[in-house]
Amino acid sequence: MGNRPLVQAAEGNHPTVPTGIAIRDPHEQLFAAAERVLLRSGPEALTSRAVTEEAGVAKGVLHRHFADFDDFLTEYVQQQARGVTELEERFRARAGQASVIDNLAEALHALFTPLTTRIVALITFRDGLRSRLRASGARGVPILGEGKQMLAAYLAAERGLGRLLPDTDVDLMALMLIGTLHMTYADHGDEPPELEEVRRVVAGVVVLP
């Protein structure tokens, strides 16, 4: 985790920490454990007990660092959403380079991963988490909202360079891309579509000069 981008899921298995032994960064250890449970078993299986057992720590560790489980999940989702900022900077810098369709396809392929879709399902699944996220100022669905902002910023840059029609509504186009790709990924279950399929979807939405 740490500074890893949102789209990169936990890799491999972290060593189990025996119960009662201090860990260097309990937040990161617990977040990594939550990610593994989420990817392996889905949002329904993500409980405080599942997280602490996966992390190999005592049950009380999570509640020493977070007010409750929804507080833990809120911080986890917010951390993941912040990772989209790295994608936004990366893809906005591509404006004027390569093709608009290819750049958008790569951005969406990077944004929508099995982890992303599981987190969105988690937000939908837990009323308490949605309430905490709204109270923290989140608009819409975190991660997807940041993804829309990322695409709109890139599209605005391309419009300014004349590579999109001058009357292109970049916010609407970004929303259409997010919604269409979300449905496309949902149809594929745990196996996300290949980049070329994403490219075909993008080409069907984006109108070029």
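Preceding this paragraph is the structure being described.
Bear in mind that the values here come from a model prediction, so they are computed numbers and not experimental data.

Definitions and limits used
- Residues numbered from 1 in each chain as written.
- Predicted model: local features only at pLDDT ≥ 70, side-chain atom pairs only at ≥ 80, totals over all residues.
- Heavy atoms only, no water.
- Helix = DSSP H or I, 4+ residues; strand = E, 2+ residues; numbered from the N terminus.
- Expected span 1.5 Å × (residues − 1).
- Buried < 20%, exposed > 50% of the residue type's maximum accessible area, 1.4 Å probe, protein only.
- Arc of directions from axis to C-beta.
- Contact = heavy atoms within 4.5 Å.
- Axes fitted to C-alpha atoms, helices over the stretch in contact; angles between N-to-C directions.
- Parallel < 35°, antiparallel > 145°, perpendicular 65-115°, else oblique.
- Left-handed = near helix turned anticlockwise from the far one by under 90°.
- Nonpolar A, V, L, I, M, F, W, Y, C, P; charged D, E, K, R; others polar.
- Phe/Tyr/Trp six-rings, centres within 6.5 Å; stacked < 30°, edge-to-face > 60°.
- Salt bridge = Lys/Arg side-chain N within 4 Å of Asp/Glu carboxyl O.

(A) Spatial organisation of helix H9 (residues 170–187). For H9, built from 18 residues, the straight-helix expectation of 26 Å at 1.5 Å per residue is met to within 8% by its first-to-last C-alpha distance of 26 Å. Of the residues making up H9, those classed as buried are Val170, Met173, Ala174, Leu177, Ile178, Leu181, Thr184 and Tyr185. Across the axial projection of H9, the buried residues extend over an arc of 135 degrees, all falling on one side. For H9, the exposed residues set more than 90 degrees away from the buried face come down to Met183, Ala186 and Asp187. In the core, the buried residues of H9 are packed alongside helix H5 (100–111), helix H6 (114–125), helix H8 (144–160) and helix H10 (195–205).

(B) Structural detail: the packing of H5 against H9. For the pair H5 and H9, the least separation of the axes is 11 Å and the interaxial angle reads 55 degrees. When the interaxial angle is binned, H5 and H9 end up oblique. Considering only the axes of H5 and H9, their crossing is right-handed. When H5 is examined against H9, the residues Leu104, Leu108, His109 and Leu111 are found in contact with a partner set consisting of Leu177, Ile178, Leu181 and Tyr185. The residue inventory of the contact of H5 with H9, partitioned by class, reads seven nonpolar, one polar and no charged.

(C) Quick look at H10. Every buried residue belonging to H10 is among Val198, Val201, Val202 and Val205, and all of these are buried. Relative to the axis of H10, the buried residues are bounded by an arc of 100 degrees and lie together on one face. Counted as exposed and oriented over 90 degrees from the buried face of H10: Arg200 and Gly204. Elements in contact with the buried residues of H10: H5 and H9.

(D) Molecular detail of the packing of aromatic side chains. Tallied over the entire structure, the rule returns six aromatic pairs. Relative to Phe66, the ring of Phe31 lies with its centre 6.0 Å away and its plane at 45 degrees, an arrangement referred to as tilted. Here Phe31 is found in helix H1 (residues 26–41), whereas its partner Phe66 is found in the loop between helix H3 (60–65) and helix H4 (69–92), with 35 residues between them in sequence. Both rings, one in Phe69 and one in Phe72, keep their centres 5.6 Å apart while their planes meet at 15 degrees; by these two values the pair is stacked. With Phe69 and Phe72 both in helix H4 and three residues apart, this pair spans about one turn of that helix. With respect to burial, Phe69 and Phe72 carry one shared label: buried. Three or more aromatic residues joined by ring pairs make a cluster, and in this case those are Phe31, Phe66, Phe69, Phe72 and Tyr76.

(E) How the structure looks around the pattern of salt bridges. As enumerated under the stated definition, the model contains 11 salt bridges in all. Among the ionic pairs, Arg132 bridges to Asp68, the shortest N-O distance being 2.6 Å. A residue pair is termed long-range when its members are at least 10 positions apart, and Arg132 in helix H7 (residues 127–135) and Asp68 in the loop between H3 and H4 qualify at 64 residues. By relative accessible area, which is 33% here, Arg132 ends up partly exposed. In this structure Asp68 comes out as partly exposed when scored by relative accessible area, which is 25%. Taking the shortest distance from any N to any O, the salt bridge between Asp70 and Arg126 comes out at 3.0 Å. Taken together, the residues Asp70 in helix H4 and Arg126 in the loop between H6 and H7 connect sequence positions 56 residues apart. Put simply, Arg36, Arg40 and Glu54 are held in one network by salt bridges that share partners.

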